[in-house]
Amino acid sequence: MDRRYFIKISAGAAAAVSLAGCGDSGQSGGGGKADVRLGDTVNDTNPEIAAEKYFGERLAALTGNAYEVKVFPNGTLGDHNRMNEQVRNGALQMTKTLFANLTAFDKRLGVLSVPYAFTKQSDLFAALAGDLGKSLAGILDGYDLMVLGWFDSGARNVYNKKRPIKTPADLKGLRIRVPQDAVAIDTFNTLGAQATPLGTNEIYSALQQGVIDGAENNPIFYVTNKHVEEAKFWSWTRHQFGVDALLVSKKWFNDRSKAHQDAFVQAGKEAEQRERELWTDETDKYVKQATDKGAKINDDVDAAAFQQAVKPVLEKNRSTFGDLVKFLPAA
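Treat the numbers as computed from the prediction; the structure is a model and nothing was measured.

Quick word on the overall build of the chain
- Within the chain one finds 11 helices and nine strands.
- Against the compact-globule benchmark of 20 Å for 331 residues, the chain has a radius of gyration of 20 Å, which places it among compact chains.
- Its C-alpha atoms put the chain at 65 × 45 × 30 Å along the principal axes.
- Out of the 331 residues in the chain, the part that is buried amounts to 56%.
- For the chain, restricting intrachain contacts to residue pairs at least 6 apart in sequence, the fraction spanning at least 24 positions comes to 75%.
- With the model as given, the accessible surface of the chain reaches about 13400 Å², and the carbon-plus-sulfur share is 48%.

Following this line, the structure appears as structure tokens:
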């Protein structure tokens, strides 16, 4: 990973300046840099953290060092739901969130959680760059959340402590952690598992204590959060292409000058591209690390059987998603 894109991570939240001290220029009282706190839940070795630091570097370059982005990984500022609410009310400037957690504001946003909605990641990216992305961003704007970038969080797959997953029947009775999202819960209950919604920072201890048998996510998350230590069976179900949103508080953003607003938008676009490149580069490395740490990986998954089994999920939730359904190839 290119260290030129890194900037310093803040040692703690206490170093952040009051939002009230930032004027139109974006600078804090006294003429110094304005601190921008950016909270995340993933481990500090995750490529998304590197992309967030790169965002900070580009923002500084585009604004003449008017801002210093301080990235807080590992859930230092709370879980996704807490940080999303803080960004919404302006108490926190930025966060990167699992998109599924935004359904706490509007259930229509669960459309991206529909299993096998996109069979090609390139189709998903095209949709996010087009009308689907505009519609989702428009909904979030109504909740004072502004999207600066759509981060790739890879294909989501099942991992567990018990057995390989090859068909939906193999999931029967397994307690699988899912995001705090109604569609994700419905998906795994439909597949015969016991869907167990938990915050990101609760998964490892839940695996250790036997509260859950497994979870579902991407290889980077699986390794960097040490879940590979507790759940050795990894199965390439590829039931969803994950999307994370880089968000800025609209209330806070609106107080910036137009030039600085443009810089935030530009830095967000550049960080989005950088994150996707990093994610692609790093995924294969983490799959190898998982294998080296004893993961038993299987790719003989009956994708057609899974796709057939989850069809009721879309039909059950179709009315919830409203007009957004028309943007899904699976619909």
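Back to the text.
Some remarks on the environment of Ala127
- Of note, Ala127 is situated in helix H3 (residues 121–129).
- Exposure remark for Ala127: the relative accessible area of 13% places this residue in the buried category.
- The sequence separation of Ala127 and Ala206 amounts to 79 residues, and the corresponding C-alpha distance is 35 Å.
- Aside from chain neighbours lying at most four places away, what touches Ala127 is Phe118, Leu132 and Gly133.

Overview of the pattern of salt bridges
- Applying the stated criterion to the full structure yields 19 salt bridges.
- Of the charged contacts, one joins Glu282 and Lys285 as a salt bridge, the two residues approaching to 3.3 Å between their closest N and O atoms. Here Glu282 and its partner Lys285 are both found in helix H9 (residues 258–292), three residues apart, which amounts to about one turn of the helix.
- A relative accessible area of 8% places Glu282 in the buried class.
- Residue classification places Lys285 among the partly exposed residues on the basis of a relative accessible area of 44%.

Regarding the packing of aromatic side chains
- In this structure the tally under the stated criterion is 11 aromatic pairs.
- Look at Phe55 and Phe264: their rings are 6.1 Å apart centre to centre, the planes differ by 55°, and that puts the pair in the tilted class. Residue Phe55 is located in helix H1 (residues 47–62), and its partner Phe264 is located in helix H9; the two are separated by 209 residues in the primary sequence.
- Judged by its relative accessible area of 0%, Phe55 falls in the buried class.
- Ring centres 5.7 Å apart and planes at 55° place the aromatic pair Phe99 and Trp150 in the tilted group. Of the two residues, Phe99 sits in the loop between strand E3 (94–98) and H3 while Trp150 sits in strand E4 (residues 145–160), which places them 51 residues apart along the sequence.
- Its relative accessible area of 8% is what places Trp150 among the buried residues.
- Each residue in the set Phe55, Tyr67, Trp252, Phe253 and Phe264 is aromatic and connected to the rest through ring pairs, giving one cluster.
- In this structure, Arg256 is placed above the aromatic ring of Trp252, and the distance from its NZ or CZ to the ring centre is 4.2 Å.
- Looking at Arg276, its charged tip hangs above the ring of Phe125, at a distance of 3.8 Å from the centre.

Concerning H3
- The set of residues buried in H3 consists of Leu124, Phe125, Ala127 and Leu128. The arc that holds the buried residues of H3, viewed along the axis, is 160°, so those residues lie on one side. Residues Ser122 and Ala129 are exposed on H3 and point more than 90 degrees away from its buried face.
- Considering only its buried residues, H3 is in contact with helix H4 (131–141), E4, strand E8 (233–249) and H9.

So, the pairing of E3
- The element E3 is extensively covered by neighbouring structure, given that five of its five residues are classed as buried.
- Pairing of strand E1 (residues 34–39) with E3 involves two bridges; the strand directions are parallel. Bridge assignment links Leu38 to a residue of E3, and that residue is Met94.
- Across five bridges, the pairing between E3 and E8 is antiparallel. Bridge pairing in E8 places Lys96 opposite Leu246.

Cut-offs and rules
- Residues numbered from 1 in each chain as written.
- Predicted model: local features only at pLDDT ≥ 70, side-chain atom pairs only at ≥ 80, totals over all residues.
- Heavy atoms only, no water.
- Helix = DSSP H or I, 4+ residues; strand = E, 2+ residues; numbered from the N terminus.
- Rg over C-alpha atoms; globule rule 2.2 N^0.38 Å.
- Buried < 20%, exposed > 50% of the residue type's maximum accessible area, 1.4 Å probe, protein only.
- Contact = heavy atoms within 4.5 Å.
- Areas by Shrake-Rupley, 256 points an atom, 1.4 Å probe, with all protein chains shown as cover.
- Salt bridge = Lys/Arg side-chain N within 4 Å of Asp/Glu carboxyl O.
- Phe/Tyr/Trp six-rings, centres within 6.5 Å; stacked < 30°, edge-to-face > 60°.
- Lys NZ or Arg CZ within 6 Å of the ring centre and 35° of its normal.
- Arc of directions from axis to C-beta.
- Pairing = 2+ DSSP bridges.

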